[in-house]
Amino acid sequence: MSNNRRTFLKNTGLAVLATGISKSSSSEKIKSGNQVVCNPTTLDYYGEGPFYTDNPPEIGDQILGAAGSEGIPLVISGRVLNLECSEFIPNTIVDVWHANHDGQYDNSGFNFRGYTKSNQQGFYLFKTIVPGKYLNGPDFRPSHIHFKITPPGFPLLTTQLYFEGDDKIPGDAAASIDSGTYDASNRIIPLVEDNDGVMQGQFDIVLEGEGMTVGIQDLHIDKGMIYKLAPNPFENELNIKYGVFKKAKVGLLVFDLHGREIAKLEDQELGANKYEASWIPEQNLSSGYYFIALRINDLQVHYQKVFKK
Ligand SMILES: [Fe+2]
């Protein structure tokens, strides 16, 4: 058991509950073999803030916000992982809300409010716009998205997500905290504009919950990584460049938004080297987001998302 996990359990008084949950033997092996420790997602100092509305709708078609809403298109996706980062947590409720382009919340309806769930591979994704900034006293808060994250059978985590380069972060009472319980540093993510002008952000969530599938997110430095998907978005053929750092049984898998494996691009023993693969989906495959995952032996060590036109 990692120190992170022990501290968290002590703080929440869940130790008794957690010891009663049996984990798969494969996850035990990984824990003792690799001593995996990763940083839990922290709380936000401002908690949920004043603008949460109960009972938000489920996000349909991964689109948060009314069609035609003004703003810069933004896609946030990530994976929900347990505290050792050794397992994904499916069916986690990811409830989000944020201000519109002009910095206003919809306090009478549910525009830019809704929840999605992590899929069978732990992935979640929603499309929205970059939130506007609003005044908090004399100062603007940085652009942010509120999250309430609830893994099945475990407590909810309430926090906020910020974006790198936002000039309001240093002056914000919550976003500027860089140590302790409310440390926001791992919740300030880069946004990268894709070839279609859509801002793309990855927010992996790490919290106490019961994992279902074995996989390690943060160890790609030791084992291998996907370093390029091009073009992204793609139409007919995707080129994937990846590296394997030690001889291993290597798999390159494609998952859809439901977590279904829809292609296996590699499945054999490979030595330490750089490799390329290409994915030419069948003609009738739907347009949308897909996750490409690199598996080394039994572990998915790294993933990236891609948009198929
Ligand atoms: Fe807010």
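Nothing here was measured: the structure is a model prediction, and the numbers come from that model.

Tracing the backbone shows Tyr124 in strand 5 (residues 123-129). Along the sequence, Tyr124 and Gly259 sit 135 residues apart, while their C-alpha atoms lie 9.3 Å from each other. Residue contacts for Tyr124: discarding those within four places in its chain leaves Ser77, Gly78, Val80, Val94, Thr116, Lys117 and Ser118.

Let's shift gears to the confidence of the model for the protein chain. Do not read the fine detail of predicted coordinates wherever pLDDT is low. Overall, the predicted model of the protein chain reaches an average pLDDT of 86, with 84% of residues at or above 70. Contacts from residues 1-35, a stretch scored under 50 in pLDDT, to residues over four places away or in other chains number 36 contacts.

In this section: the pairing of strand 3 (residues 93-97). Across the 5 residues that make up strand 3, a large majority, 4, are buried. Across 5 bridges, the pairing between strand 3 and strand 4 (residues 113-117) is antiparallel. In the sheet register, Ile93 faces strand 4, and the bridge partner there is Lys117. Inspection of the sheet shows strand 3 paired to strand 8 (residues 144-150) by 5 bridges, in the antiparallel sense. Bridge assignment links Ile93 to a residue of strand 8, and that residue is Thr150.

Further remarks concern unusual backbone geometry. Here the bond from Ala230 into Pro231 is cis, since omega is -10°, no more than 30 degrees from zero. In this structure, Pro231 sits in the loop between strand 15 (224-230) and strand 16 (238-244). Cis rather than trans, the peptide bond between Asn232 and Pro233 has omega equal to 0°. Positionally, Pro233 belongs in the loop between strand 15 and strand 16. The phi torsion at Asp61 lies on the positive side, around 55°, for a residue other than glycine. Among the secondary structure elements, Asp61 is positioned in the loop between helix 3 (25-34) and strand 1 (73-81). Look at Asp61 and you get exposed, because 9 C-beta atoms sit within 10 Å. Unusually for a residue other than glycine, Asn297 sits at a positive phi of about 55°. Locating Asn297 in the fold gives a position in the loop between strand 20 (288-296) and strand 21 (299-308). Using a count of 12 C-beta atoms within 10 Å as the deciding quantity, one classes Asn297 as exposed.

What counts, and at which threshold
Residues numbered from 1 in each chain as written. Predicted model: local features only at pLDDT ≥ 70, side-chain atom pairs only at ≥ 80, totals over all residues. Helix = DSSP H or I, 4+ residues; strand = E, 2+ residues; numbered from the N terminus. Contact = placed C-beta atoms within 7 Å. pLDDT = per-residue confidence, 0-100. Buried ≥ 20, exposed ≤ 12 C-beta atoms within 10 Å, placed from the backbone. Pairing = 2+ DSSP bridges.

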